[in-house]
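# Observations on chain architecture
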Amino acid sequence: MTSKTKVYHVDPASPDDKIIREAARTLRQGGTVAFPTETVYGLGANALDQDAVSRIFEAKGRPSDNPLIVHISDSAQLDSFTAPCGELVQLLMDRFWPGPLTIVLPLKRASVSEHVTAGLDTVAVRMPAHPVALALITAAGCPVAAPSANSSGRPSPTEAAHVLDDLNGRIDAVIDGGSAGVGLESTVVEVEAGGIVRILRPGGITAEALRAAGAQVEYDIAAAPHDNGQERTPGSVELGAHEHPAAGIAPRSPGMKYAHYAPRGVMQLVQGGIDEVAAYIGKQSRNARAEGERTGVLAFHEHADRFDADHVLVIGSLGNLERAAQGLYAALRSFDDLGVSRIWAETCPEAGIGHALMNRLAKAAAQQIIRV
Ligand code: TXA
Ligand code: MG
């Protein structure tokens, strides 16, 4: 195990060539390097090197049945590890790469390390749209396997400091290129016969954008919007369908079954009119404080003054959910730093990036959504 993590600082728009070459050498020699992407920071290793990839799992404490995304900087790299792909896959690549879209493709046998795919016959691939990530992958000259650079179960890192909080001394290097862009992980899709693009994990490329590109979009069980138009009874607690013991349906993306992205405190989402939401949270947090808990509320700017708790953190405005998405994981980490043990969060509409934001909020809350 690595004992000292090297920290490089680069200008994200035009990273220093010498630094990139040094970090790329570490990757080629079987090391682990964290780097910024336009979604979150990734923890990279040479996808063709079994030992290097196992170092990622070790550093993160990641379950070995959760496969990794392979990052490329040039479509020509696909030939070495994926089978030829159809027209719709090609269209998605042309339209959205480089960018926050991960596509699950058929794997060419005996190519990438089997740790990468966790034994599946498919491999998830993306070409990130970040100058540092692209330069690093190009200089390494190999496909780079990279999960989010957090300890397993912690919120994904959107700053190099988050990476160091979790992994300092456990990885060889981190390239600090400032804040990641979208703030939430990429959209993971699988392309099925008949022109269906199935979203396995919502993210930076929205369902609306996929439809605008001509795709017919469907959702995997773990990626379906929560607001499906059904009447909800106030007071009901919703469990995500895939969390329900009776559901018996596994999500297509193995990572979606884990209670992920979670702060250390117990978190619940509260959905309803703002008067009811504020009243509910007020009552709950008073009770919790009386029992010695430290309380927190994750609020939108418009409603922040309606809440009373030890710490009210604002993630952004309901009028700009893109910005709110950028701040989500940092806010969840702040609750940990503040020692908050009970957290209530507002919900948001599930249009555009709001779908991915609600998906991550619900995961952070272990699918506990209270309707008031
Ligand atoms: O934005 C992102 O995608 C970031 C940056 C670093 O690129 N990476 C990321 O990786 O979020 P990770 O490992 O945290 O999430 C990968 C997701 C997991 O849910 C995993 O189960 C799924 O992709 N996945 C990987 N290979 C798959 C496959 N062959 N079939 C289905 N899902 C797969
Ligand atoms: Mg992750």
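Anything mentioned here points back to the structure above.
Small disclaimer: the values here were computed from a predicted structure and weren't measured. (Residues numbered from 1 in each chain as written. Chains lettered and ligands numbered in written order. Predicted model: local features only at pLDDT ≥ 70, side-chain atom pairs only at ≥ 80, totals over all residues. Heavy atoms only, no water.)

## Points about the layout of surface pockets
Space inside the largest pocket adds up to approximately 650 Å³. Arg-62, Pro-67, Ile-69, Val-188 and Ser-253 are the residues nearest the centre of the largest pocket, which is lined by 40 residues in total. Secondary-structure elements contributing two or more residues to the lining of the largest pocket are strand 4 (69–71), helix 4 (114–117), strand 6 (122–126), strand 9 (187–192) and strand 10 (196–201). Per element, the largest residue contribution to the lining of the largest pocket is four residues, and it comes from strand 6. Of the residues in the lining of the largest pocket, the class split is 18 nonpolar, 14 polar and eight charged. (1 Å grid on protein atoms, 1.4 Å probe; cavity = no way out; pocket = protein on both sides within 12 Å on 5 of 7 lines; lining within 4 Å. Points joined across faces, edges and corners; volume = space filled by probe spheres on them. Helix = DSSP H or I, 4+ residues; strand = E, 2+ residues; numbered from the N terminus. Nonpolar A, V, L, I, M, F, W, Y, C, P; charged D, E, K, R; others polar.)

## Let's talk about the packing of helix 9 (residues 321–337) against helix 10 (residues 354–364)
Relative placement of two packed helices is described by the angle separating their axes and the distance separating the axes. In the contact formed by helix 9 and helix 10, the axes pass within 9 Å of each other and the chain directions differ by 20°. The angle between helix 9 and helix 10 falls in the class roughly parallel. Between helix 9 and helix 10 lies a crossing whose hand is left-handed. Contacts from Leu-321, Ala-324, Ala-325, Leu-328, Tyr-329 and Leu-332 of helix 9 reach helix 10 at Gly-354, Leu-357, Arg-360, Leu-361 and Ala-364. In terms of residue class, the contact of helix 9 with helix 10 is made up of nine nonpolar, one polar and one charged. (Axes fitted to C-alpha atoms, helices over the stretch in contact; angles between N-to-C directions. Parallel < 35°, antiparallel > 145°, perpendicular 65-115°, else oblique. Left-handed = near helix turned anticlockwise from the far one by under 90°. Contact = heavy atoms within 4.5 Å.)

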